[in-house]
Amino acid sequence: MNETISANAAPPNLPRRKPSFLWWLAAIFLLLVALFCYQLFGPNPPIIVSKETTYITEPLRADGLPDYEKYVLDKLRDGVTPENNAAVVLWHVLGPGTLKRRHWPAMQKELGLDTSGLTDSRLVFLFSRENLELVRTWIDTKTSDVISPISTSDQSDSEDINIATEETIARATGTPWTTVQLPPLAEWAKSNQRSLDQLVEASRRSEFYIPPMSLLEPEDVDLLKPADNFSLARDVIRALSGRAMWHLGEGRHEHAWRDLLAAHRWVRLTSKNSTLLYQLVAEGMDNIVFQPTVALLADPHLPAQLASQIQRDLAALSPPIRFAESFDTLERLAFADQVVRGTSLGAATFLSSLEIPRDDAPDSLDLVSIDWNLVLLAGNEWYDKLVAALRLPTYSARMQAATNIEADLAQTERDLHDPAAWAGSAINRGKRSRLLARAILNQYGILTYCIKNADRAATHLELLRLAAALSVHRAEHGAYPETLDDLTPIVLPQLPVDLYNTKSFIYRPNGDGYLLYSVGGNGIDDGGGNEMMTILAGRSLDDVPTDKRDAEAAKIPTGADDLSIRVPRPAFELPKTAGAK
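Note that this is a predicted model, so its numbers are computed, not measured.

What counts, and at which threshold
- Residues numbered from 1 in each chain as written.
- Predicted model: local features only at pLDDT ≥ 70, side-chain atom pairs only at ≥ 80, totals over all residues.
- Heavy atoms only, no water.
- Buried < 20%, exposed > 50% of the residue type's maximum accessible area, 1.4 Å probe, protein only.
- Helix = DSSP H or I, 4+ residues; strand = E, 2+ residues; numbered from the N terminus.
- Pairing = 2+ DSSP bridges.
- 1 Å grid on protein atoms, 1.4 Å probe; cavity = no way out; pocket = protein on both sides within 12 Å on 5 of 7 lines; lining within 4 Å.
- Points joined across faces, edges and corners; volume = space filled by probe spheres on them.
- Nonpolar A, V, L, I, M, F, W, Y, C, P; charged D, E, K, R; others polar.

So, the pairing of strand S7 (residues 563-567)
- Counting buried positions along S7 yields 4 of 5 residues, so the element is predominantly enclosed.
- By the bridge criterion, 5 bridges tie strand S4 (residues 513-518) to S7 in an arrangement that is antiparallel. Paired with serine 518 across the strands is leucine 563, a residue of S7.

Side note on empty space enclosed by the protein
- By the definition in use, this model includes 2 cavities of 30 Å³ or more.
- Of the pockets and cavities examined, the second largest cavity occupies roughly 40 Å³.
- Residue lining of the second largest cavity: His264, Arg268, Asp286, Val289, Phe290, Pro320, Ala457, His460, Leu461 and Leu464, and that is the complete set.
- Residue assignment for the lining of the second largest cavity shows that the elements contributing at least two residues are helix H11 (253-270), helix H12 (276-298) and helix H20 (447-477).
- Ranked by residue count, the leading element in the lining of the second largest cavity is H20, at 4 residues.
- Here the residues of the lining of the second largest cavity sort into 6 nonpolar, 2 polar and 2 charged.

A short note on unusual backbone geometry
- Backbone torsion omega between glutamate 58 and proline 59 reads 0°, so that peptide bond is classified as cis.
- The topology assignment puts proline 59 in the loop between helix H1 (21-41) and helix H2 (68-77).
- Residue proline 568 is bonded to the preceding valine 567 through a cis peptide linkage, with omega at 0°.
- Residue placement: proline 568 occurs in the segment after S7.
- A positive phi is found at tyrosine 55, a non-glycine position, where the angle reads about 75°.

Written as structure tokens, this is what we have:
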């Protein structure tokens, strides 16, 4: 009998089929793909405002991010008044420089300038066209008294005299000269007395503030953009040095030191701005004032009382260059500001906007997500490393740290040229962000250069202080000492040491003079020679006749980099011209 299953009967209880393991793998794969796409193409994480990332946490812009421009401007303005700001006098004496006329009102308001009589005491620059023409004419009349041509035979007499003109004025900033020797420059010194005296007085002020117009009227914001006429400070040093050498040539020692001390103060006023560019300009200014200061200290008629005063004044001077502070403040802030502003751009466009070579970095960087917080973190770590290296106590330690940092930069350079590194960064946003940071920071490999410049400036200051002590001894005893030890403890409580080898400076007396020098960065006694500066045993080969210069240069040891002072110094004379008979 056939059994009939009722339509209402429950279906049989069949066993369930378990999902395939492959389905789970597929789901996991899809999830990983989604996460990969999100980290690759998703939104950038928001910027975290903190000491570790943005470095400053206030003031903030309307969008909640740091307002670096206002922060820097407030810092630069802090404590500055028209009465203590040397830049106010600089404006009156040198003028607005390259500042556009439409920007004058804003700058005048910012500095509190009294524009009445603004051009009454305008300085004629030492190397002005007017001076060049006057000196050229003077040399042209003297060529019959000058022998030994300085140039090749295919150059015209006129070209020779033009070269001789610039050489003459440059020589007059480091060698004593008289009215009889250079009447045109003596007339320049007299006619510019008021403006030069104003610069001397201004050097005693405590502040030097000239803001870039990008902070006052933002157009193309750049925290590191210098003020339009900041480089005119070099002309202050040249002018004061030139007049000081005129005073010295005519026996006015106190007037000469007044001008030179003002020049040293202007160097330090310029370096008060923490921008790296200002530090480099200040270092160049320091090189200019070094030679005329040596000339004054070497003068055999320098009074004992003034020699002692110069020694005290030099001892009171601070180091002229502050690279560590530069990297720790404005340079760091400028980097952070660039990154924060760059978050609205794609990474590739950002690199292009900074004019950074992208090499193997693909255009697709504009499409991918970047964690800019990691870029900021890497930047702060980098600047911490630079500052720490610059603040190490010894030259050898600083150079070793610089060597390590440059090795890191070399590895970074290799990575940035490796397409695989950029391709591999697609896997991880963190890796991609850190690689981008390295592409940006790779442009800042100038640490060794900064260390060398700062240490050279510091060594120049120590050499001048020691030369001043030698001048005091000579003024009091009628001769230079046999050894540096003779200076202690009366003239100096203790002898300074050469920072390059932590030993005493090398001193070799010679009749009515001496050779004093540092062994320089190579740490080797090169007899006071310097290959780059063409100095042999403390003597510049610029003072050697041209036909003998190559033979003398061959005597300078290869790689020599000693920093030296040689006394006595060559007397002033007009350069040799081809027009000579």
